[in-house]
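An overview of the molecular structure
Next come the chains, spelled out residue by residue.
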Amino acid sequence: MRKQKPGRHRAFALGLLSLGLVLTLMMTTVSIRVTYVTDSNGAKQLLLTSESDPARLMSLSGIEAEEGDRVYYTAFGDSLATLNIERAFTVTVEADGQETPVKMVYGTVAEALEKAGITLGPDDYTVPALDSLVGIGSKVEVHRVRYEETVEYQTIPHETEYIYTSLYFRNTDRVTTLQAGADGQCAVTTRHRWVDGELENSIVTDVTTTVEPQDALIKTYGAGAPVSPLTGPDGTTNPPSSYSQVLTGKATGYYSRTGRGASGLGLGYGTVAVDPDVIPYGTLLYITSTDGRFVYGYALATDTGIALQDGHILVDLFYETYAESVINGAINVNVYVVG
């Protein structure tokens, strides 16, 4: 057998020692970390590397980020690091007849709209609400809202007021128009709410009368209805329950433009002319025809005339129109002296 030379052993041992020193130097110069690479879908990979660049680490692990993903890299000292990829999900934003997909990791509806480049008008709204959180499979609907006001002019029908009088007892079909009726007008403001181009509701917000209606005033026959608007001691137009005397005679009708009687008191429905020596001025009377078909009602004695002073007429009944004074004619009446 051939013996190896001692010098060759020493050279080999020296080489191994040198290699160990080089490897030790390399290990102390370059830090090797244990890096855990994961994603939110459950993928995992363990790397032993000195790399700290996220792009390089993803390339080495085969787990890489896609559009919209969030990458988080954290080093824990020199020996441990983590790289986590939070996978983005798709949120569909529907607005103006189009659907826009956006990638998000987390966030609200408002942030999804911002990513989609969609701006809301002052009255627009979303479903879900702007502050709602989105998630996997979320769909956001944008509803466009606009308001419109319209003004429509409508007719206000006039009403008819009937004034009843027993003066027309001779012709109960007689009708006199004291005032013609006229319709009015009003402006109706309506607020319309349109959502995505369709009318959702209409609400009347204001009604303003632009032309007041004028009621028709019609005088017509009413059995026992007094001509005079005056009331008796009891506050009604009913016949008096007590009186001092009853005078019977002829009543005529008259009309005057002077507006004031001989007593100095005013003239109007409910004032009559008398002989002041028989019936003093200011006396309250109640006058009705002897057959009860005509009722003048309560009256005040305020005026006089020649025919009254001659005793041909007991009382002259005042009317506010000449036509009514003619209709009165001559009527036999009972005059109740009330006070």
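In the annotation of an unreviewed UniProt entry, the entry for the protein chain reads DUF348 domain-containing protein, and the organism field reads Candidatus Faecalibacterium intestinigallinarum.

Attention now moves to the side chain of Thr283. Mapped onto the secondary structure, Thr283 falls in the loop between β16 (271-273) and β17 (284-289). Exposure remark for Thr283: the relative accessible area of 10% places this residue in the buried category. At 2.7 Å, the side chain of Thr283 forms a polar contact with the backbone oxygen of Pro280. Once you skip the residues sitting within four places of it in the chain, Thr283 turns out to touch Ala299, Leu300, Ala301, Val337 and Gly339.

In this section: the UniProt feature "domain: G5" (unreviewed entry) in the protein chain. Annotation from UniProt places "domain: G5" (unreviewed entry) at residues 144-224. Secondary structure over residues 144-224 splits into 0% helix and 68% strand, and the C-alpha atoms at its two ends are 69 Å apart.

So, about the sheet that holds strand β14 (residues 216-221). Overall, mixed pairing links the three strands, which are arranged β10-β14-β11 in an open sheet. The open sheet has two free edges, formed respectively by β10 (160-165) and β11 (175-179), since each of these has just one partner strand. Strand after strand, the sheet turns through a mean of 25° between neighbouring axes, direction not considered. The pairing of β10 with β14 spans six bridges and is classified as parallel. Bridging across to β14, Tyr162 finds its partner in Ile218.

Let's shift gears to the pattern of salt bridges. Under the defined criterion, the tally for this structure stands at nine salt bridges. Taken together, the shared-partner salt bridges connect Asp39, Asp69 and Arg87 into one network.

In this section: the nonpolar core. One finds Val272, Ile287, Phe294, Tyr296, Val315, Leu317 and Val335 to be the most contacted residues of the largest nonpolar core, which totals 31 residues. Put simply, the parts of the chain that give this core at least two residues each are β15 (245-254), β16, β17, β18 (295-303), β19 (315-318) and β20 (331-337). Top contributing element to this core by residue count: β20, with four residues. Beyond its immediate sequence surroundings of up to four residues, Phe294 is in contact with Ser166, Leu167, Phe169, Val227, Thr288, Ser289, Leu317, Tyr319, Asn328 and Ile331.

Next up on the list: helix α3 (residues 109-116). Taken together, the buried positions of α3 are occupied by Val109, Ala112, Leu113 and Ala116. Around the axis of α3, the buried residues are gathered within 100° of arc, so they sit on the same side. The exposed residues of α3 that point more than 90 degrees off its buried face are Glu114 and Lys115. Looking at the buried side of α3, the elements it contacts are β5 (89-95), β6 (98-104), β7 (125-127) and β8 (139-143). After α3 finishes, the residue Gly117 shows a positive phi value of roughly 70°.

Definitions and cut-offs
- Here the residue index of a chain counts from 1 through its sequence in written order.
- Local features in this predicted model are restricted to residues whose pLDDT is 70 or higher, and side-chain atom pairs enter the listing and the counts only when it is 80 or higher, whereas totals over whole chains, interfaces and linings include all residues.
- The basis for the side-chain values is all heavy atoms of the structure; hydrogens and waters are excluded.
- Numbering of helices and strands runs from the N terminus; a helix is a DSSP stretch of H or I covering at least four residues, while a strand is a stretch of E covering at least two.
- Only protein chains enter the accessibility calculation, which uses a 1.4 Å probe; a residue whose area is less than 20% of its type maximum is buried, one above 50% is exposed, and one in between is partly exposed.
- Nitrogen and oxygen atoms within 3.5 Å of one another constitute a polar contact, given that in protein one can donate a hydrogen and the other can accept it, and given that sequence-neighbouring residues count only through two side-chain atoms.
- Whether two residues are in contact is decided by their heavy atoms, any of which lying within 4.5 Å being enough.
- UniProt positions are given in the numbering used here, feature names are shortened, and annotations may be inferred rather than shown by experiment.
- DSSP-based pairing: two strands are paired if at least 2 bridges between them are found.
- Between N-to-C directions, angles span 0 to 180 degrees; the directions come from axes that are lines fitted to C-alpha atoms, helices contributing only their stretch in contact.
- The rule for a salt bridge is simple: a side-chain nitrogen of Lys or Arg has to be within 4 Å of a carboxyl oxygen of Asp or Glu.
- Here, the term nonpolar core denotes a set of buried Ala, Val, Leu, Ile, Met, Phe, Trp, Tyr and Cys residues that are joined through side-chain atoms within 4.5 Å.
- Here the arc refers to the directions that run from the helix axis out to each C-beta atom.

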